[in-house]
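These are the residues of each chain, in order.
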Amino acid sequence: MKRKAALLFLVTALIFTSCGGGTAEITDSKTGEESVVNVQSESTQTASGSEGEISLPEEAANADSQEGQEESSDWTEPEIITVGISGSEPGSFYEGEEFGYVWCPALTVLDEGYEALEKELTEVNQQRRDALHKICEENKESVRELIDDGLIVSGSVSSSITVQRSDERILSFLDETYANLGGTHPSSFVSGYNLDVSGEKILTLKDVLADYDGFADYVQSKVPEIYEEEELFDDYGTVVHDLFYPENQEAETIPWTMDREGITVYFNTYVLAPYASGNRKVHVSFDENRELFRSEYLCDTSHFARRLDRDASVTEDLNGDGTKESFSFQAEDLYEEYSTRFTVTIGDQSVTETIPGWYVESYLVRRADGHCYLYSELSGDNDYRNLYVFDLGGTSPVLLQENEEEVSFYGYLMADPEKFVLGQRVYMLGTYMGYRSYSVGEDGLPHPMEDSIKLLTDTEEGERSLKSIREMKVWIVEDGEETKEEVLPAGTVFYPRRSDDSSYLETELEDGRFCRIYVEVDEVGLRYIDGVDEREYFEDLPYAG
């Protein structure tokens, strides 16, 4: 297929500084012509990686991929780092009226002790905001003309974050930018961000690969398999080569991310094929291509949680018997019923369940014993999330009980069934969002690994606090243990930190100490402190709704 020549009227370069790049398309908001924009990283760092080679234990890969690898007792599974996606817009970075919606969620580190990574993420979040601001500035005049002509109400620009991996080796996430500039269709562009957790640099493919040329050759060989040959531009081979080997640059310009099972590279629209073909990707598995990767980035893949595309179809050993089965699911939106119809299939056995709410995302989850489950999240009123689990270990799928506590992903990454984070709303002297670690139990359901729930604080809007209006009895907490009872005077300021969502709120005081306020909840949900209504103890309680 011949490559279509596009007039470059409104060229918007999405510059993701030193975070990798690719090729984007932006639609001319007046003519509807699509423009191809080459996006390249400004980074010219020499790619380098750790010299130490660490082999995985035997269960971490199949027998074929183990050949020629020496095992080492020094290998350890990388520790997971908990990261969160800010639910609020991080500042106003476009003041004009041409764009009614400009949104750029921020990624933050929730675990303590990763100051260098926090600093690195702050810089990356600013780069992402700057990129969206650049789109607005470069297209505001044409969007204004369309508004004045009555053709559109306003433009919109936004980005979304999907975390792929977050541990002590690498933080990898996908950023997808959407731009509705009033053309024939919205534009979209994906970029991969891969951060070294030490905060020293942005990782390139050469940092994480043992055989860069072999990896590039493998990806190029897979391209005709993901596209129909007649869909591809005639020069697709040259394009792929140039993405891996750009002139006058050390780093590749192809977007990529890493998860616990391998590396995925992405091809934006118009890079290899016309717009109708959409974005495409190639996943390169650790287990099947072990020799291509630096071993320090490999993981134990005997257990995993793999994010699935909507309406996915895969082949996997679902019950640990060594035989692979075909598995698929479909999630159909039933708009009039405000529900989602799930059709889950193993081999030729299907079950269909209609579940309230809108579909959000799903994971294929495999425990270390080989038993597999489908974890699916749905969103209900006020963005309440519910988690539904299908048991895939038998001849036919079985829907297990719904998670009744409204505990769900809420944007957190599930990468390993042995430890992952789920979020939930907490109602204890106010309404808060919180999270804690879970593991998949033998029953297939998530079981908490911690008694208390950590509460999120929104630093964009300032620290949330409670101020007492009367004396109150509390328990002082040191190193997570209650040490003594103390009565604090009226006017004390409390900063919410943890709760079990049933009996106490743990707070931090202005002097740095921690204390627990115990609350009794009656059968209708009213809350009391020492038999007195909770509202008589504080100036205001920030309950939602």
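Heads up: the structure comes first, above all this text.
What you are looking at is a predicted structure, and each value in this text was computed from that prediction instead of being measured. Note that residues are indexed from 1 along each chain, following the sequence as it is written. Local features in a predicted model are, by the rule used here, given only for residues with pLDDT of at least 70; side-chain atom pairs are given and counted only at 80 or more, and totals for whole chains, interfaces and linings are based on all residues. With hydrogens and water excluded, all non-hydrogen atoms of the structure serve as input to the side-chain values.

Asker: Just checking my understanding: could you explain the overall build of the protein for this structure?
Answerer: Only runs of H or I of at least four residues qualify as helices and only runs of E of at least two qualify as strands under DSSP, and these elements are numbered from the N terminus. From N to C terminus, the protein includes 5 helices and 33 strands. Per-residue accessibility, obtained with a 1.4 Å probe over protein chains only, is compared with the maximum for each type, and a residue is labelled buried under 20%, exposed over 50%, and partly exposed between these values. Residues classed as buried in the protein amount to 52% of the 545 residues present. What makes two residues a contact is simply this: any of their non-hydrogen atoms within 4.5 Å. At a minimum sequence separation of 6, the contacts of the protein that also span at least 24 residues come to 57%. Summed over its atoms, the accessible surface of the protein is roughly 24,900 Å², and 44% of this surface lies on carbon and sulfur atoms. Every accessible area reported is derived by Shrake-Rupley at a probe size of 1.4 Å, with residue values counting cover from the shown protein chains alone.

Asker: What is the right way to read the pattern of salt bridges from this model?
Answerer: It is possible for side chains bearing opposite charge to pair when their charged atoms get close. Here, a salt bridge means any side-chain nitrogen of Lys or Arg that lies within 4 Å of a carboxyl oxygen of Asp or Glu. This model, assessed by the stated rule, comprises 30 salt bridges. In this structure, Glu 332 and Arg 341 form a salt bridge, with 2.8 Å as the shortest nitrogen-oxygen distance. Owing to a relative accessible area of 41%, Glu 332 belongs among the partly exposed residues under this scheme. We note a salt bridge from Arg 385 to Asp 383, for which the minimum N-O separation is 2.8 Å. A relative accessible area of 14% means that Arg 385 is categorised as buried. Under the relative-accessibility criterion, Asp 383 is labelled partly exposed at 35%. When salt bridges with common partners are traced through the structure, they connect Glu 261, Arg 306, Glu 316 and Arg 366 into a single cluster.

Asker: For this particular structure, what's the right way to read unusual backbone geometry?
Answerer: In most cases, non-glycine residues show a negative phi, while peptide bonds are predominantly trans. Residues other than glycine seldom take positive phi values, yet Tyr 410 does so here, at roughly 50°. One can find Tyr 410 in the loop between strand S20 (398-399) and strand S21 (420-427). The class for Tyr 410 is buried, based on a relative accessible area of 16%. Phi is positive for Asp 479, which is not a glycine, with a value near 55°.

Asker: So what exactly am I meant to see when it comes to the sheet that holds strand S31 (residues 520-521) here?
Answerer: What holds strands together in a sheet is hydrogen bonding between their backbones, with the strands either parallel or antiparallel. What makes two strands pair is DSSP finding at least two bridges between them. With antiparallel pairing, 3 strands are arranged side by side in an open sheet as S31-S32-S33. Across the chains shown, the open sheet's two edge strands, defined by having one partner strand only, are S31 and strand S33 (532-533). In terms of strand pairing, S31 meets strand S32 (residues 527-529) through 2 bridges, oriented antiparallel. For Val 521, the partnering residue across the bridge sits in S32 and is Arg 527.

Asker: Explain the environment of Asp 321 here, please?
Answerer: Here Asp 321 is to be found in the loop between strand S13 (313-316) and strand S14 (325-334). Note: C-alpha distance between Asp 321 and Gly 370 (49 residues apart in sequence) is 7.7 Å. Of the polar contacts made by the side chain of Asp 321, one reaches the backbone nitrogen of Thr 323; its length is 2.9 Å. We define a polar contact as two N or O atoms separated by no more than 3.5 Å, with the added condition that, inside protein, one atom must be a possible hydrogen donor and the other a possible acceptor, whereas residues neighbouring each other in sequence contribute only through side-chain atom pairs.

Asker: Honestly, the environment of Gln 126 in this entry has me stumped. Any pointers?
Answerer: Position of Gln 126 relative to the elements: it lies in helix H2 (residues 115-148). You can call Gln 126 partly exposed: its relative accessible area is 34%. Through-space distance from the C-alpha of Gln 126 to that of Ala 106 is 8.8 Å; in sequence the pair is 20 residues apart.

Asker: What should I look at first to understand the packing of helix H4 (residues 212-226) against helix H5 (residues 236-244) in this one?
Answerer: Packed helices, taken two at a time, are described by the angle their axes make and the gap between the axes. The N-to-C vectors of H4 and H5 enclose an angle of 150°; their axes lie 10 Å apart at closest approach. Overall, the two elements H4 and H5 adopt an arrangement that is roughly antiparallel. Here H4 and H5 pass one another in a crossing that is right-handed. Mapping the contact onto sequence places Tyr 212, Phe 215, Ala 216, Val 219, Gln 220, Val 223 and Pro 224 in H4 and Tyr 236, Gly 237, Val 240, His 241 and Phe 244 in H5. In terms of residue class, the contact of H4 with H5 is made up of 9 nonpolar, 3 polar and no charged. Inter-axis angles, ranging from 0 to 180 degrees, are taken between N-to-C directions of lines fitted to C-alpha atoms, where helices are fitted over the stretch in contact. In these notes the angle categories are as follows: under 35 degrees is roughly parallel, over 145 is roughly antiparallel, 65 to 115 is roughly perpendicular, and the rest is oblique. Crossing chirality is assigned from the near helix's rotation relative to the far helix, an anticlockwise turn below a right angle marking it left-handed and a clockwise turn marking it right-handed. Nonpolar residues are Ala, Val, Leu, Ile, Met, Phe, Trp, Tyr, Cys and Pro. Charged residues are Asp, Glu, Lys and Arg, and all others, Gly as well, are polar.

Asker: What am I meant to see in the nonpolar core here?
Answerer: Within soluble globular proteins, side chains that are nonpolar tend to cluster in buried spots. We define the nonpolar core as a collection of buried residues of types Ala, Val, Leu, Ile, Met, Phe, Trp, Tyr and Cys that are connected through side-chain atoms lying within 4.5 Å of one another. Among the nonpolar cores identified, the biggest contains 34 residues, and Leu 205, Phe 215, Ile 263, Phe 267 and Leu 272 are the most heavily contacted of them. Of all the elements in the fold, those that place two or more residues in this core are helix H3 (205-208), H4, H5, strand S9 (256-258), strand S10 (262-267) and strand S11 (280-285). Residue contributions to this core peak at 6 residues, all from H4. Counting residues in hydrophobic clusters, the runner-up holds 33 residues, among them Leu 107, Val 389, Val 407 and Ala 415.

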